[in-house]
Amino acid sequence: MRAYWFDNEAGDQRELHDSGRDVSTDYLSKLGVLYYRFSDEKDVDKLASDRSYKNRDLITVSPEKMGEVYEEKVKSFFHEHLHEDEEIRYIRDGTGFFDVRSEEDEWVRIYLEKDDLIILPAGIYHRFTTDSKNYIMAMRLFKEEPKWTPLNRGPEVDVNPFRKEYLQARTAVASQ
């Protein structure tokens, strides 16, 4: 894993967009983003138990697996959105990027590879893309039945209760 400030330059979303300014895991933690590196799935099982994740599945995002809908899907994953549940991804193969919004509404890019596990809190604005290799396989973990419902950013989502709760939690962390 490597986190850094997104450079906001024009170009394909799958490129590095590396500003050269790294972001620490401590800063990610202040945003509510948790990072782990697990080479043994038993460690994932323990985390799942500790955090009450009851279900999981495996998703492969690649042109070979998704066919004609690949480009459309990757573009849809890159729309800024939030979820009302944590988003947990354990990378099993390949590489990709999660971008998350900072307190100042800037993008932090998080590069993930095999054995990286990331937890995004409910209510954080984020987006996802594969990198230029166009391949990632990830385990998705869920507290309840598997669901993936993105709420795209807009005025009505800005007042979503999960978004408000996320912002209140971040304010509390910042004041400590």
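My aim in this report is to walk through the structure given alongside it, one point at a time. Only a predicted model underlies this, so the values are computations on that prediction, with no experimental measurement involved.

## Some points on the overall build of the chain
Line of reasoning, step 1. The helix and strand tally for the chain stands at 6 helices and 12 strands.
Line of reasoning, step 2. Expected size for 176 residues packed as a compact globule is a radius of gyration near 16 Å; at 16 Å, the chain falls within 12% of this value.
Line of reasoning, step 3. For the chain, the spread of C-alpha atoms along the three principal axes comes to 45 × 40 × 30 Å.
Line of reasoning, step 4. Relative to its 176 residues, the chain shows a buried fraction of 46%.
Line of reasoning, step 5. Of all intrachain contacts in the chain linking residues separated by at least 6 positions in sequence, the fraction that spans at least 24 positions is 74%.
Line of reasoning, step 6. Just so you have it, the chain exposes about 9,400 Å², and 49% of that area is on carbon and sulfur atoms.

## What to know about the pattern of salt bridges
Line of reasoning, step 1. Per the stated rule, a full pass over the model turns up 22 salt bridges.
Line of reasoning, step 2. A salt bridge links Arg-101 to Glu-80; the shortest N-O distance between them is 2.9 Å. Here Arg-101 is found in strand S7 (residues 96–101), whereas its partner Glu-80 is found in the loop between helix H4 (70–77) and strand S5 (81–82), with 21 residues between them in sequence. With respect to class, Arg-101 is no different from Glu-80; both count as buried.
Line of reasoning, step 3. Of the charged contacts in the structure, one is a salt bridge between Glu-87 and Arg-89, with a shortest N-O distance of 3.4 Å. Accessibility assignment for this pair places Glu-87 and Arg-89 in one class, buried.
Line of reasoning, step 4. Here the salt bridges share partners, and the residues they tie into one network are Glu-80, Arg-101, Asp-105, Arg-153 and Asp-158.

## Describing the sheet that holds strand S4 (residues 55–61)
Line of reasoning, step 1. Spatially, the 5 strands line up as an open sheet ordered S3-S9-S6-S11-S4, and their pairing is antiparallel. Single-partner strands in this sheet number two, and they are strand S3 (34–37) and S4. Adjacent strand axes in the sheet meet at a mean angle of 20°, parallel and antiparallel pairs treated alike.

## Details of H4
The periodicity of an α-helix, 3.6 residues per turn, causes residues three or four places apart in sequence to face the same way.
Line of reasoning, step 1. Of all the positions in H4, only Tyr-70, Val-74 and Phe-77 are classed as buried. Down the axis, H4 shows its buried residues gathered within 60° of arc, on one side only.
Line of reasoning, step 2. Looking at the buried side of H4, the elements it contacts are S4, helix H3 (63–66), S5 and strand S10 (126–130).

Cut-off values and rules
Residues numbered from 1 in each chain as written. Predicted model: local features only at pLDDT ≥ 70, side-chain atom pairs only at ≥ 80, totals over all residues. Heavy atoms only, no water. Helix = DSSP H or I, 4+ residues; strand = E, 2+ residues; numbered from the N terminus. Rg over C-alpha atoms; globule rule 2.2 N^0.38 Å. Buried < 20%, exposed > 50% of the residue type's maximum accessible area, 1.4 Å probe, protein only. Contact = heavy atoms within 4.5 Å. Areas by Shrake-Rupley, 256 points an atom, 1.4 Å probe, with all protein chains shown as cover. Salt bridge = Lys/Arg side-chain N within 4 Å of Asp/Glu carboxyl O. Pairing = 2+ DSSP bridges. Axes fitted to C-alpha atoms, helices over the stretch in contact; angles between N-to-C directions. Arc of directions from axis to C-beta.

From the geometry alone we can't say anything about function, so treat these as descriptive.
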